[in-house]
Structures are given as C-alpha cells and as structure tokens.
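Inside the fold
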Amino acid sequence: IRGSIPTNYRRGEKIMKLLINEFIKDYKKKTTWLYFLLSFGIILLNSYIAKRQFEDGVDAVKILSGITVVAGSVAMVFSLIMLANNLSQEYSKGTIKFLYTRPKSRSAILTAKIVLAFINYIIFLVVGTVFDFVTKNYVFFKNKIGLNHLNDTIEEGYFGRTVVKQIIITNLADLAVYIFFVAMVVLVCVVFKTQILSLVLVMLSLLGTGLIQSLTIFAVSKFSWAKYHMFDVPLFSSYYSSEAGRHTVKELFKFDNANALIIMLVAYSFVFFVISYIVNARRDITID
C-alpha cells in the first residue's frame, strides 16, 4: 500500500503535466479561437431569432431557462472536433512517434486528451452561456431577463421546475450524453488514425444521429429491439429536457423510462473506451 501511493501520485502528476501541455497546445492554435468566434456568431443569430419571436412580449422565464441550450450544443460540437483533431493529427503528422518515445505511458497520453475534451466542453459552455446572457439581456431584450428570474417556476411543460433547476438538470443530462460522444470519437480516431477520415466519420455521426433516430421510429413499431442501437443514446438528454421531449421518447421510441437509456449510455461508453485503450496500447508505431 505504501508503494502504491507514490506510484499513483507520480502517474497522476504525469497525466497533469501532459494535460497542461495539451491545453497550451490547443489554445495556441488559431482554429480554437475561430471556433469561439463561430460559436459567438451562432449564439447571436439565435438571439436575433428569439427577439423576433418575442416581439409581442418577452417571456423572461422561458428565455432564461434555455440560456445554455445553444451554448451547450456548439460546445459539444466544437470540443468533439478539437478532440478528433488532437487524436488524429498525432498519427497523420507522425508526432505520435515522439510522444511514445517519452517516459509516459500510452494510456496516460490518451487519458490527458480525453480529460482535455471535457475541459474544453466546460470552457465553451461557460463562455458561450455568459456571452448569450449578456447579449440577450443587455442588447436584444434590454434588461428584461435578469438573474432575478432564476428561482421563478416555468409555467408549463417543464415538470414544474424552477429556471435554475431546469438549467442544472438539462446540463447534467447533456454532460452524460457528451461522455458517450467522447467515447465514440476516441474509438473512431484511434481505430482509423487518418485525420480527414476521422473528422468525416465524427461529423457524420453527430449530424446523422437525428436521421437514424427518425428511421428508428418506423423500425420500433415492428421490432422493439431496434431501439437499443447507439444512436438512440442521445435520447437520454431529450427525456429530461421537457415534458414534450419525454413524451416523444416514450411514445415514438418506446422507452417507458430512462433506465434502459442509462444502461445503454454506460454500456456503449464503457465498451468504446475499453476498445480504444486496448487498440491504442497494442498498436505498433514505427519510429524512423
């Protein structure tokens, strides 16, 4: 036990150093700041559309309860793209050879990149949410959606939740789904290695989820087992987002509760991570 404590400490210290190096590398890239600019543009566009929708009267509670939705969506997409780039570029540029010559384990290197993906997600989410609130409150709606509405109850369709409770629950559900997407992206990038192919597969997976779910609706009516594929895992977020979302999950996709979705999320994520670490550990890297 005495020997394991220093070993675990050193292992954690190595991962922390790797994580810091990866973080610095990410935020030295111009593409990272381009993603922030794009996310701001998307948020502004959404705010403009929201302003047009609420011209007759501002529903501060409804607007504030969804203040993290757009920021969370762009945070998920851009942080996953960054993760895919971080993993696949190492192989495509050959820098993985130099990483593996250092006294750091392959699992530590992969773990650092995965942890960084979650850090990037949180950063994009927080920055995007703050930007969304500031622009909505001070530019588009002129101080009509202040933080004093956080404890107000949302009137209909949200299980009688307060605004702050709605924000917490939906973001926790989104974070759980994000774990699944991280596991999927890691698997794709570790297996295929090629940067362009990895990015294409990642984007197809993200953008094609809705289409595959739509096809599932027709299949489920005849084959109940058809709903258990991995692209239905994101329904976990929909189940907790609103009463309408839960109704859709129950009636169209035939999930009576969230238990099956939780099991699917954990099982798929676990399997994807295990396969990724095994493939990453056993792959031969030729060092010239």
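No experiment lies behind these values; they were computed from the predicted model shown. (Residues numbered from 1 in each chain as written. Predicted model: local features only at pLDDT ≥ 70, side-chain atom pairs only at ≥ 80, totals over all residues. Heavy atoms only, no water.)

**Details of the overall build of the protein**
Which entries qualify depends on this criterion: In DSSP terms, a helix is any run of H or I states spanning at least four residues, a strand is any run of E spanning at least two, and both are numbered starting from the N terminus. We call a residue buried when its accessible area falls under 20% of the maximum for its residue type, exposed when it is over 50%, and partly exposed in between, using a 1.4 Å probe and counting protein chains only. Any two residues having at least one pair of non-hydrogen atoms within 4.5 Å are treated as being in contact. In this description, accessible areas are obtained by the Shrake-Rupley approach with a 1.4 Å probe, and a residue is regarded as covered only by the protein chains that are shown.
Helices and strands together make up the secondary structure of the protein, namely eleven helices and zero strands. The order of helices and strands in the protein, counted from the N terminus, is α-α-α-α-α-α-α-α-α-α-α. Classification of the 288 residues of the protein by burial places 43% in the buried group. Expressed as a percentage of contacts within the protein between residues at least 6 apart in sequence, the contacts between residues at least 24 apart total 76%. Accessible surface computed for the protein: about 15600 Å², of which carbon and sulfur atoms make up 66%.

**So, the packing of aromatic side chains**
Keep this limit in mind: Any pair of Phe, Tyr and Trp rings, taking the six-membered ring for Trp, is counted once the centres come within 6.5 Å. Such a pair is stacked with planes under 30 degrees apart, edge-to-face with planes over 60 apart, and tilted for the rest.
Considering all chains together, one arrives at 20 aromatic pairs under this definition. Taking 5.9 Å as the distance between ring centres and 75° as the angle between the ring planes, the aromatic pair formed by Y27 and W33 counts as edge-to-face. On the basis of relative accessibility, which here comes to 15%, the residue Y27 falls in the buried class. Residue W33 is classed as partly exposed on the basis of its relative accessible area, which comes to 46%. On the basis of an interplanar angle of 85° and a centroid distance of 6.5 Å, the ring pair of F133 and Y138 is categorised as edge-to-face. The exposure class of F133 is buried, given its relative accessible area of 15%. The rings of F23, Y27, W33, Y35, F36, F40, F78, F124 and F131 are connected pair by pair, giving a single aromatic cluster.

**Examining helix α6 (residues 106-140)**
For clarity, the threshold we go by: One fewer than the residue count of a helix, multiplied by 1.5 Å, yields its expected span.
Spanning 35 residues, α6 covers 49 Å between terminal C-alpha atoms, matching the ideal 51 Å at 1.5 Å per step. Within two residues after α6, K142 carries a phi angle of roughly 50°, on the positive side.

**Quick notes on the confidence of the model for the protein**
As a reminder of what qualifies: Residue-level confidence of the predictor is summarised by pLDDT, bounded by 0 at the bottom and 100 at the top.
On average, residues of the protein score 86 in pLDDT, and 87% of them reach the 70 mark or higher. Across the protein, the element-wise mean pLDDT spans from 53 in helix α5 (residues 96-100) up to 95 in helix α9 (residues 235-241).

**Examining the nonpolar core**
Under the convention used in this document: Nonpolar core, defined: a set of buried Ala, Val, Leu, Ile, Met, Phe, Trp, Tyr and Cys residues in which side-chain atoms within 4.5 Å join the residues together.
By size, the foremost hydrophobic cluster in this structure holds 52 residues, and its most contacted members are L80, F124, F181, V182, V186, F236 and L261. Every element with two or more residues in this core is listed here: α2 (30-53), α4 (69-92), α6, α7 (163-192), α8 (195-220), α9 and α11 (259-282). Discounting chain neighbours no more than four positions away, the residues touching L261 are D232, L235, F236, Y239, V249 and F255.

**A closer look at the pattern of salt bridges**
Heads up, the condition is: A side-chain nitrogen of Lys or Arg and a carboxyl oxygen of Asp or Glu constitute a salt bridge if their distance falls within 4 Å.
Across all of its chains, the model carries four salt bridges by this definition. Between K113 and E22 there is a salt bridge, and its shortest N-O distance comes to 3.1 Å. Residue K113 is found in helix α6, and its partner E22 is found in helix α1 (residues 4-26); the two are separated by 91 residues along the sequence. A single salt-bridge network, built from bridges that share partners, covers E22, K25 and K113.

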